[in-house]
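Per-entry structural report
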Amino acid sequence: MNIAIALFDRFTALDAVGPYETLQRLPDTDVTFVGHRRGEVRTENGYLGMTADRSFDEVLTPDVVIVPGGVGALSFLEDEVLLEWLREVHTTSRFTTSVCSGSLILAAAGMLPGLEATTYWAFMDKLTELGAVPTSERVIEHLDERIITAAGVSSGIDMALRLAELLTDRETAEAMQLIMEYDPQPPFDAGSVEKAGPLVVARAHEIFKTKG
């Protein structure tokens, strides 16, 4: 089974690495990072570089596609190289998925018309503009359309565990969870807009504008 994780300038690292860490241990599975060209792609703040080992035109029939998000996603909503690649690979993929604002790219490719989808909380309005129906649910599945979207950043791990179950079985997916020791027990309960409260949301907007 071949899993392709798309990279583009100014993506969010955990959006790609979370699903990678979850899925790369599945039996008989290869994970490939793909981009516009082979080579380094920098994250949204430029601090971290990851390597695209293949270009989009070299990976044409992946079984699974994962599109991360990040502030850079907004710059690729009209990028026909990426959008056309997504349209093409989705014709044969078992699942095409997104994390965070990666769903905006799926929507821009015409893959979410009138469908419920989720994204990073700050981009819900943009998802509406692109023809999808935004929801704050952490993971949204459309199994008939073979599309799964996940909300912001850390939710990509949840999505990938569900994807692992769909690709194999529950016992294997739970084994992936155990291998990662993914047992979240955060010190705060501010992981959604509804829980965080207005002061924390305002602070998050302030930091987001300066750091991405």
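Being a predicted model, the structure only gives us computed values, none of them experimental.

What counts and how
Residues numbered from 1 in each chain as written. Predicted model: local features only at pLDDT ≥ 70, side-chain atom pairs only at ≥ 80, totals over all residues. Heavy atoms only, no water. Helix = DSSP H or I, 4+ residues; strand = E, 2+ residues; numbered from the N terminus. Polar contact = N/O pair within 3.5 Å; in protein donor to acceptor, adjacent residues only side chain to side chain. Contact = heavy atoms within 4.5 Å. Salt bridge = Lys/Arg side-chain N within 4 Å of Asp/Glu carboxyl O. Phe/Tyr/Trp six-rings, centres within 6.5 Å; stacked < 30°, edge-to-face > 60°. Buried < 20%, exposed > 50% of the residue type's maximum accessible area, 1.4 Å probe, protein only. 1 Å grid on protein atoms, 1.4 Å probe; cavity = no way out; pocket = protein on both sides within 12 Å on 5 of 7 lines; lining within 4 Å. Points joined across faces, edges and corners; volume = space filled by probe spheres on them. Nonpolar A, V, L, I, M, F, W, Y, C, P; charged D, E, K, R; others polar.

1. Considerations on the side chain of T135
By secondary structure assignment, the location of T135 is in the loop between β9 (133-134) and β10 (139-142). Reaching out from T135, the side chain makes a polar contact with the backbone nitrogen of E137 at a distance of 3.4 Å. The residues touching T135, leaving out its near neighbours within four places in the chain, are E116, A117, T118, M124 and I140.

2. Quick look at the pattern of salt bridges
Pairing between side chains of opposite charge can happen when the charged atoms of each approach one another. Evaluation of the coordinates by the stated rule reveals 12 salt bridges. Between D189 and K195 there is a salt bridge, with the nearest N and O atoms lying 3.5 Å from each other. Several salt bridges share partner residues, and in doing so they unite E80, E84 and R87 into one network.

3. Focus on the packing of aromatic side chains
A ring pair, where both rings are aromatic, is described by two values, the distance of the centres and the angle of the planes. Taken as a whole, this structure holds five aromatic pairs when the rule is applied. Centre to centre, the rings of Y120 and W121 are 5.3 Å apart; their planes meet at 40°, and the pair counts as tilted. What makes W121 partly exposed here is its relative accessible area of 31%. With a centroid separation of 6.1 Å and an interplanar angle of 50°, the aromatic rings of Y120 and F123 are classed as tilted. What makes F123 buried here is its relative accessible area of 10%. An aromatic cluster is defined as three or more aromatic residues linked by ring pairs; in this entry it consists of Y120, W121 and F123.

4. Some thoughts on the side chain of T119
You can see T119 is positioned in the loop between β8 (116-117) and α4 (124-129). The class for T119 is buried, based on a relative accessible area of 2%. A distance of 3.2 Å separates the side chain of T119 from the side chain of S103, its partner in a polar contact. Those residues in contact with T119 that sit more than four places away from it in its chain are C100, S101, S103, L104, M124, L127, A150, A151 and G152.

5. Side note on unusual backbone geometry
At R146, a position not held by glycine, the phi torsion is positive, near 65°. Tracing the chain through its elements places R146 in the loop between β10 and β11 (147-150). What makes R146 partly exposed here is its relative accessible area of 25%. The phi dihedral of E181 is positive, around 50°, even though this residue is not glycine. One can find E181 in the loop between α6 (170-180) and α7 (193-196).

6. So, the layout of surface pockets
Within this model, the largest pocket holds a volume of roughly 1,100 Å³. Taken together, 39 residues form the lining of the largest pocket, with W121, S154, A190, G191 and S192 sitting closest to its centre. Mapped by element, the contributors of at least two residues to the lining of the largest pocket are α5 (155-167), α7 and α8 (198-211). With six residues, α8 is the single largest residue contributor to the lining of the largest pocket. In terms of residue class, the lining of the largest pocket is made up of 20 nonpolar, 11 polar and eight charged.

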